[in-house]
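One-letter residues, chain by chain:
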Amino acid sequence: MNPLQTLRFALGGLAANKVRSVLTMLGVLIGVAAVILLLAVGNGSSAAVKASITSLGANSLTVTSGTGNSSTSTATSTKPLSVADATALSDTTKAPHIKSVAPEVSTSGTAIYQGVSHSVSSIIGTYTGYFEATNSKVDKGDYFSNDDILNDRKVAVIGSTTATDLFGTVDPVGRTITIGSTPFKVVGVLATKGSTGLTSSDDVVVAPLTTVENAFTGFGSLTQIVVEATSSADITAATSEISTIMMNQHGITSAGAADFQISSATSLLSTQASTNKTFTVLLGAVAAISLLVGGIGITNIMLVTVTERTREIGIRKAIGAPKGIILSQFLSEAVLLSVFGAGLGVLVALLGTNFRIDGIKPVIMPASVWGSFGISVAIGLFFGSYPANRAASLRPIEALRHE
């Protein structure tokens, strides 16, 4: 019997029990679709976070207060960040690889426009250098100026989400919003940057530092200092200069006693990549269990099939069918169940990636498609081999006497 005839007999065997075959393929389908979709969600989450981190600015560095790792730090106290620290970092003679510095304070509050209110997640007070350092571009209007900062003007640049929720389709530029009891004239709207899934970079109000301090936070410590390096190649040099200046500012003589942290998009991406790798492996392991369950289902169904067709096997062996023919037929049926189920699983997964899952747009990993399909077929061979071998090993006389 040639391979084509074996395939035809295998298809006939599956067609004889359509419902059973469909249910078995459904188990394989779920397993393959789960693997592809879960890995796609992990990959999509990684891409979203990476894009969000990159949008912060390739040359951007952030200085925050605190040691970050109390188990290794020898700092005895933490000195808060101040405008004096930001001024020291702006000295180009001591920090030639730093292009701009923007001290920052932040809070939250409710913005109101003509009776419409919106809870703004981040109200930021800063300098004009903040926009370039964080890659924040205006879509409408313009940024506030250094003159606005010096004169403590109540002007603001708002994020796209804030603009939509407060103004709808109305152009916000030139209109006034109220936060607390302080009116702010909107001079610009930032272009959409997206979110990490935890916080939105578009739900923001950015105003002059002195204005926000006067109205909300007071003239205390800074939340952070945003620094822009002269180029991405100068990130390391700029980091070293920041560390030296900050240690002098805070009277620190040992790097291990530093009471501040310096982070960049590069370091954040490295951490994110490591976390995502672990996350993806866990998702893949969970989904792989579904494939294993599908394989066990194939074994059960094929054992039932062999039992039901024992007399047929006996007749074929009695008229001269060799063991290899019987083995190949039942093994072909097991593999076809896997192939059809895996094919449908791939199709379902591809359709599923057209929808957002928990706010994340899945991104298909080609390796997961071919990998899950190949593993599914291998599972069909492995789990189908025992029932097929059992069928091929039946003695004709015992098979013919089977009821």
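Residues numbered from 1 in each chain as written. Predicted model: local features only at pLDDT ≥ 70, side-chain atom pairs only at ≥ 80, totals over all residues. Heavy atoms only, no water.

S.K.: Please clarify how empty space enclosed by the protein should be interpreted in this entry.
M.R.: Within this structure, the stated rule accounts for two cavities of 30 Å³ or more. Its volume calculated, the second largest cavity comes out at about 40 Å³. Lining the second largest cavity are Gly27, Val28, Ser290, Leu291, Gly294, Gly295, Ile298, Ser338, Ser376 and Ile379. Of all the secondary-structure elements, those providing two or more residues to the lining of the second largest cavity are helix H2 (18-54), helix H9 (265-308) and helix H12 (366-392). (1 Å grid on protein atoms, 1.4 Å probe; cavity = no way out; pocket = protein on both sides within 12 Å on 5 of 7 lines; lining within 4 Å. Points joined across faces, edges and corners; volume = space filled by probe spheres on them. Helix = DSSP H or I, 4+ residues; strand = E, 2+ residues; numbered from the N terminus.)

S.K.: Hey, could you run me through the pattern of salt bridges in this one?
M.R.: Oppositely charged side chains can pair when the atoms bearing their charge come close. The full count for this structure, using the stated rule, is three salt bridges. One salt bridge connects glutamate 132 with lysine 99, and the closest N-O pair in it is separated by 2.7 Å. In this pair, glutamate 132 is assigned in helix H4 (residues 129-133) and lysine 99 in strand E2 (residues 98-113), connecting sequence segments 33 residues apart. Between aspartate 148 and arginine 153 there is a salt bridge whose closest N-O contact spans 2.9 Å. (Salt bridge = Lys/Arg side-chain N within 4 Å of Asp/Glu carboxyl O.)

S.K.: How should the layout of surface pockets be read in this particular structure?
M.R.: Empty space within the second largest pocket amounts to approximately 150 Å³. Residue assignment for the lining of the second largest pocket shows that the elements contributing at least two residues are H2, H9 and H12. Per element, the largest residue contribution to the lining of the second largest pocket is six residues, and it comes from H12. Each residue belonging to the lining of the second largest pocket can be placed in one class, and the counts come to seven nonpolar, four polar and no charged. (Nonpolar A, V, L, I, M, F, W, Y, C, P; charged D, E, K, R; others polar.)

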